[in-house]
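# Remarks on the overall topology
Spelled out from the first residue to the last, the chains are:
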Amino acid sequence: MDKITINNDQSGVRIDKFLCEYYEDLSRSHIKNCLINGDILVNDSKIKAGYNLKVGDVITVNDIAPQEIDIKAQDIPLDILYEDEDLLVVNKPKDMVVHPAPGHYENTLVNAIMYYCKDELSGINGEIRPGIVHRIDKDTTGSLIVCKNDKAHNYIAKQIKEHSVNRRYIGIVWGEFKDLEGFIDKPIGRSTKDRKKMCVTDKNSKEARTKYRVLSQNDKYSLVEFCLETGRTHQIRVHMSSINHPLLGDEVYGGSKHFSTPKGVDVMGQCLHAKTIGFHRPSDGKYIEINAPIPEYMETLIKELNLSMEKTDE
């Protein structure tokens, strides 16, 4: 169940439009049906889809099941880094969405793993996200856990909730750092100005913590390793933008800087790679770490920008 309190910036917006932007995976028609059925309430009362929100309104959203849709298995190549009887870790390529969403039901990672795993996928996240226990952005590459059964899903989900999954990323960002190591502890919530974006805010937000260390840098670019203590939507991208070091190629949080692509290399979005994922295996509790190789486009950029995977000397 979600509770959303409306502020000044959100006042005057139709509730169906607001919720459709808030829940990106749900269509407006589905939202309207939920309002009609009383699954969504405003100030504990049923409301029409055309209702204009007011400051102080409290929207209560009960569990909303995804729309019933036919997600088909597709024979799409997978780069499998690890596999056992409970799960697999795949190396997600750039420009691939993790799971289907309205208007985008094919060529996702879910379509690919449905073909590969057949009927061996967890069903906890519903038919639109079978096997998916966590996500990375469309243009982020790297390691992602896929669960084959509900027991494994619950086991991994518990580790994620307790922040015991070790997730380390590599990214290229703008600018030179004064401090070669740092810790960002800033809450993240949905932007009231653009509902498709996240931002650092104290309103309707969740705690978000990111550790970083600079591997190498020059006066224009830095190669940075990130360690997530929490896993909020767009966390690394939002946090780095908040300290004026946006990710290279980030069209959403990078401002005007994302237009300057070094050496004409097509980065296709933010230069971010989920390099390492460490977790306790469901079968025996043993801790393992899986590493996804740095993608070719990023290796090229690292070389052309005179950066290095070796940590900068302090």
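Residues numbered from 1 in each chain as written. Predicted model: local features only at pLDDT ≥ 70, side-chain atom pairs only at ≥ 80, totals over all residues. Heavy atoms only, no water.

## Details of the packing of aromatic side chains
For the structure shown, the criterion picks out three aromatic pairs. With a centroid separation of 5.4 Å and an interplanar angle of 45°, the aromatic rings of phenylalanine 177 and tyrosine 212 are classed as tilted. Taken together, the residues span a long stretch of sequence, with phenylalanine 177 in the loop between β7 (166-174) and β8 (181-185) and tyrosine 212 in strand β12 (residues 209-217) at a distance of 35 residues. The cationic tip of lysine 118 hangs over the ring face of tyrosine 115; the distance from NZ or CZ to the ring centre is 4.2 Å. (Phe/Tyr/Trp six-rings, centres within 6.5 Å; stacked < 30°, edge-to-face > 60°. Helix = DSSP H or I, 4+ residues; strand = E, 2+ residues; numbered from the N terminus. Lys NZ or Arg CZ within 6 Å of the ring centre and 35° of its normal.)

## Regarding the sheet that holds strand β9 (residues 188-190)
Within a sheet, neighbouring strands are paired by backbone hydrogen bonds and run either parallel or antiparallel to one another. Taking strand neighbours across the sheet as the criterion, the three strands line up as β10-β9-β11 in an open arrangement whose pairing is antiparallel. The open sheet is flanked by β10 (198-200) and β11 (205-206), the only strands paired with a single partner. Of the strand pairs in this sheet, β9 and β11 are connected by two bridges, and their pairing is antiparallel. Paired with isoleucine 188 across the bridge in β11 is lysine 206. (Pairing = 2+ DSSP bridges.)

## Examining helix α4 (residues 150-161)
The end-to-end C-alpha separation of α4 is 16 Å, in line with the 16 Å expected for 12 residues at 1.5 Å each. Put simply, asparagine 149 is the residue that caps the front of α4, since its side-chain oxygen is 3.3 Å from the backbone nitrogen of lysine 151. Count one or two residues on from α4 and you reach histidine 163, which has phi positive near 60°. (Expected span 1.5 Å × (residues − 1). Polar contact = N/O pair within 3.5 Å; in protein donor to acceptor, adjacent residues only side chain to side chain.)

## A short note on the layout of surface pockets
Rolled over the atoms, a probe as big as a water molecule pinpoints where empty space is left. Roughly 200 Å³ of internal volume is contained in the second largest pocket. Residue lining of the second largest pocket: 16 residues in total, with Arg190, Ser191, Thr192, Cys199 and Thr201 positioned closest to the centre. Taken together, the residues of the lining of the second largest pocket break down into four nonpolar, six polar and six charged. (1 Å grid on protein atoms, 1.4 Å probe; cavity = no way out; pocket = protein on both sides within 12 Å on 5 of 7 lines; lining within 4 Å. Points joined across faces, edges and corners; volume = space filled by probe spheres on them. Nonpolar A, V, L, I, M, F, W, Y, C, P; charged D, E, K, R; others polar.)

## Topic: the nonpolar core
Ranked by size, the top nonpolar core spans 32 residues in total, and within it Tyr169, Phe226 and Ile236 carry the most contacts. Within the residue set of this core, elements represented by two or more residues are β5 (87-92), α3 (109-117), β6 (141-147), β7, β12, β13 (221-228), α5 (235-242) and β14 (272-280). The leading source of residues in this core is α3, at six residues. Setting aside its immediate chain neighbours within four residues, isoleucine 236 contacts Tyr169, Thr210, Phe226, Leu228, Leu247 and Leu272. (Core = buried A, V, L, I, M, F, W, Y, C linked by side-chain atoms within 4.5 Å. Buried < 20%, exposed > 50% of the residue type's maximum accessible area, 1.4 Å probe, protein only. Contact = heavy atoms within 4.5 Å.)

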